[in-house]
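Summary of structural features
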Amino acid sequence: MSMTHSPNTAHYQSGVSMIEVLIALVLLVTALLGATALQITGLHTNRSAYYRSQASIIAYDIADRIRLNASYAVGDNDRYSIDTSSAAIPSSSSCASTLNGCSDANIRNLDIRQWSEYFIDVTGEGHDGSDYKPVLPGGVGEVTVSGASVSVEVNWQEVDWNVGGGGGDKDDTTKQLVLDFNVSS
């Protein structure tokens, strides 16, 4: 007797094997890890762009203040020159309420005081229990005036990936934005 296989008696595989399931799982996990790494990189890039745009706003803020008080600013190189990490911040002035208004020196003091608040707690907000936070982490502003040439430098600390010393993956680095312009009085 010969045995013939009829289509009804043939054994066909139904379902998937364990190897196929494991391969599919490895591919899925790899894709999810890649998407997560991409998301983290995107968040880091967005934060870096935010800091750079804040630094630009801060630099242009003092540039506009100097341009508005240009005749006073170019009269002496030290009038608007400041380094927020070491300079004494001018005291506050309430000249706006006086009959004669503010002098150019009063405006300069107000400009420097308000601009310094981006970097340090000038008004004492942090000393009375509130949470003062600078606009930029570890931020320092410096203005250098030489005749009609003005240079504004804004520095801040930022976590940079793949630059860590000693085999690390990240490290704090100082970022910098410099704005150079001329003032005409």
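Data block above holds the structure.
Residues numbered from 1 in each chain as written. Predicted model: local features only at pLDDT ≥ 70, side-chain atom pairs only at ≥ 80, totals over all residues. Heavy atoms only, no water.

1. Section: a nonpolar patch on the surface
Together, V16, M18, V21, L22, L25, L28, V29, L32 and L33 make up an exposed nonpolar region whose accessible area comes to about 880 Å². Structurally, the position occupied by L33 is in helix α1 (residues 18-68). In this structure L33 comes out as exposed when scored by relative accessible area, which is 56%. (Patch = residues over 30% accessible without salt bridge, like charges linked within 9 Å, V, L, I, M, F, W, Y side chains within 5 Å. Areas by Shrake-Rupley, 256 points an atom, 1.4 Å probe, with all protein chains shown as cover. Salt bridge = Lys/Arg side-chain N within 4 Å of Asp/Glu carboxyl O. Helix = DSSP H or I, 4+ residues; strand = E, 2+ residues; numbered from the N terminus. Buried < 20%, exposed > 50% of the residue type's maximum accessible area, 1.4 Å probe, protein only.)

2. Here we look at the nonpolar core
With 26 residues, the main nonpolar core has I66, W115, V143, V150, V152, V154 and F181 as its most contacted residues. Counting residues per element, the ones that place at least two in this core are α1, α2 (70-73), α3 (104-116), β2 (140-146), β3 (149-161) and β4 (170-182). The greatest single-element share of this core, amounting to seven residues, is contributed by α1. (Core = buried A, V, L, I, M, F, W, Y, C linked by side-chain atoms within 4.5 Å.)

3. What about the packing of aromatic side chains?
Working definition: an aromatic ring pair is given by the centre-to-centre distance plus the angle between the planes. For the structure on display, the rule yields three aromatic pairs. Ring centres 5.9 Å apart and planes at 50 degrees place the aromatic pair Y50 and Y51 in the tilted group. You can call Y50 partly exposed: its relative accessible area is 43%. On the numbers, 6.5 Å between centres and 75 degrees between planes, the contact of Y118 with F119 is edge-to-face. Clustering of aromatic rings is evident, with ring pairs tying together W115, Y118 and F119. We note R79 situated over the ring of Y72; from NZ or CZ to the ring centre the distance is 4.1 Å. (Phe/Tyr/Trp six-rings, centres within 6.5 Å; stacked < 30°, edge-to-face > 60°. Lys NZ or Arg CZ within 6 Å of the ring centre and 35° of its normal.)

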